[in-house]
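Examination of the molecular architecture
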Amino acid sequence: SCLSSSTASPSSSLRLRASRQFGMTGKAKLLVIGKPTRPELGLLSKLPTEKVDVVKVGLTFEDVDEAALASVDAVFVGAGPTGATSKDIQNVFGKLSSVQWIHSNMAGLDLFMFPELLDAAKGITVTNSKGVYSSSLAEYALFAAKYFALNTPRLLEQKGNHHWEKFPVEELAGKTLSVIGYGDIGQKTGMLAKAFGMRVLASRRNPTLSSEDPVVEKMFAVSDIKAMVSESDYVVVSTPLTSSTKHIVNAEVIGAMKPSAVVINIGRGPCIDETALIEALKAKKIKGAGLDVFEEEPLQEDSELWDLNNVLISPHNADQVQGWLENSVHLFLENMERYLKGDKLQNIVDNTEVTRT
């Protein structure tokens, strides 16, 4: 879930009609933005050819007749290893005058953050692949927490030095874990934390959506994040990147954390002010950070994060489990069935999750 504190106006947001029912009078015209050689895109051969015309699979579309592009009503965006970039979408978007539905094979919406799409006057429904990556990211969050509970940097140092020395470690049971962005990923993280015997707090844009959640002891509004993190041992950031979530964890929020706190980011890098985080880690104002995402990726070789002993770094691959891209395509195929029948689509994105920056 995004942590936008206000609803975007129609002129500054991507208009999404969550309740729209799609009635197909002819074949669906599908444009696929991604590398044609990617194996996961081969699954699109399962689309019923009598109901769906694939206009093209590729990253550039100058060779496609403008009338054909104007007839496209559905777009599959294959981001990440599948190859699509925001620029690829932007280059063709202006020619897609009939588009009704855009699906992303990722959970985040970063690729859609360009003016033409954000300011689209016509109604477009956007769906994403949330849920496909939730379990692996939740597991990473708990791994990162246990990494610091066991003081793994010291374990590795002693192993490297062939040095045997016992020292006290911590358990997760009884500790407090808070989640900033209590959507699908955040909820899975909360469930695992609860299974470890942890106390779970959470924050989301609309706290009432989780008011009856049995996992969460207390829900916080976005405006109360500082109060939430002040009583947390582990702070998990699982927000998508929007104008309202960029640097949602800033110097002020980090300053409200315990000196023993650990920050874990499984959302998007820019949701944390990396400069403020580095300063806090260097000054030992917090215990550590487990980071799978960064403000700039790949993480630059000269980043101070590499040399900090109290930082766990993974190269934005915590969700890249076997079959992850194939699973995202399967989700799209299921949604295409719904689209063709005129049923409500799965994973429709809330219109306030895509706002003008």
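Structure report, in brief. (Residues numbered from 1 in each chain as written. Predicted model: local features only at pLDDT ≥ 70, side-chain atom pairs only at ≥ 80, totals over all residues. Heavy atoms only, no water.)

Remarks on the sheet that holds strand S4 (residues 101–104)
Adjacent strands of a sheet pair through backbone hydrogen bonds, lying either parallel or antiparallel. To be explicit about the condition: The pairing criterion is simple: DSSP has to find at least two bridges between the two strands. Helix and strand assignments come from DSSP, with helices taken as H or I runs of at least 4 residues and strands as E runs of at least 2, each series counted from the N terminus. Only the stretch in contact is used when a helix axis is fitted, and all axes are lines through C-alpha atoms; the angle between N-to-C directions ranges over 0 to 180 degrees. Pairs of residues are marked as contacts when any of their non-hydrogen atoms sit within 4.5 Å.
Taken in spatial order, the five strands make up an open sheet running S2-S1-S3-S4-S5, and their pairing is parallel. Across the chains shown, the open sheet's two edge strands, defined by having one partner strand only, are strand S2 (52–58) and strand S5 (125–127). In this sheet, adjacent strand axes meet at a mean angle of 15 degrees when their direction is disregarded. Judged from the six bridges that link them, strand S1 (residues 28–33) and S2 form a sheet pairing that is parallel. Across the sheet, Lys29 pairs through a bridge with Asp53, a residue of S2. Strand contacts of helix H2 (residues 86–93): S1, strand S3 (74–77) and S4, with the helix running at about 140 degrees to S1, the strand carrying the most contacts.

Examining the pattern of salt bridges
Filter applied, for reference: Salt-bridge detection follows one rule: a side-chain nitrogen of Lys or Arg within 4 Å of a carboxyl oxygen of Asp or Glu.
Throughout the structure, instances matching the rule amount to 13 salt bridges. The salt bridge involving Glu165 is made with Arg154; its shortest N-O contact spans 3.2 Å. Placement of the pair is Glu165 in the loop between helix H5 (152–160) and strand S6 (176–180) and Arg154 in helix H5, with a sequence separation of eleven residues. Put simply, Lys287 and Glu170 hold a salt bridge, and the shortest N to O gap is 3.4 Å. Taken together, the residues Lys287 in the loop between helix H9 (274–282) and strand S11 (288–291) and Glu170 in the loop between H5 and S6 connect sequence positions 117 residues apart. Taken together, the shared-partner salt bridges in this structure form one network comprising Lys27, Lys29 and Asp53.

Quick word on the pairing of S4
Our working rule: Whether a residue is buried, partly exposed or exposed follows from its accessible area with a 1.4 Å probe, protein chains only, as a fraction of its type maximum: under 20%, in between, or over 50%, in that order. Look down the strands so they point away from you; if the path from the first strand over the helix to the second goes clockwise, the crossover is right-handed.
Of the two faces of S4, both are covered, the one formed by Trp101 and His103 as well as the one formed by Ile102 and Ser104. Here four bridges tie S3 to S4, and the two strands are oriented parallel to one another. Residue pairing in the sheet places Val77 in a bridge with Ser104 of S4. Regarding topology, H2 serves as the crossover connection from S3 to the parallel S4, and that connection is right-handed.

Looking at unusual backbone geometry
Backbone phi values are negative for most residues with the exception of glycine, while trans is the configuration of most peptide bonds. A cis amide bond, omega -5 degrees, links Glu297 with the succeeding residue Pro298. Position of Pro298 among the secondary structure elements: in the loop between S11 and strand S12 (311–313). Here the phi dihedral of His162 falls at roughly 55 degrees; this positive angle occurs in a residue that is not glycine. Residue placement: His162 occurs in the loop between H5 and S6. With relative accessibility at 75%, the residue His162 sits in the exposed group. One non-glycine residue, Asn347, lies in the positive phi region at around 60 degrees. Of note, Asn347 is situated in the segment after helix H10 (324–341).

Some details on the sheet that holds S11
Ordered by their spatial adjacency, seven strands build an open sheet running S8-S7-S6-S9-S10-S11-S12, and the pairing between neighbours is parallel. Edge strands, defined here as strands with exactly one partner in the open sheet, are strand S8 (218–220) and S12. Strand-to-strand, the axes of this sheet are offset by a mean angle of 15 degrees, without reference to chain direction. Where strand S7 (residues 199–203) meets S8, three bridges bridge the pair, whose relative direction is parallel. Paired with Ser203 across the two strands is Phe220, which belongs to S8.

Brief notes about the side chain of Ser314
Following the sequence through the fold, Ser314 ends up in the loop between S12 and H10. Classification of Ser314 as buried rests on a relative accessible area of 10%. Ignoring anything within four residues of it in the chain, the contact list for Ser314 reads Tyr140, Leu291, Asp292 and Phe294.

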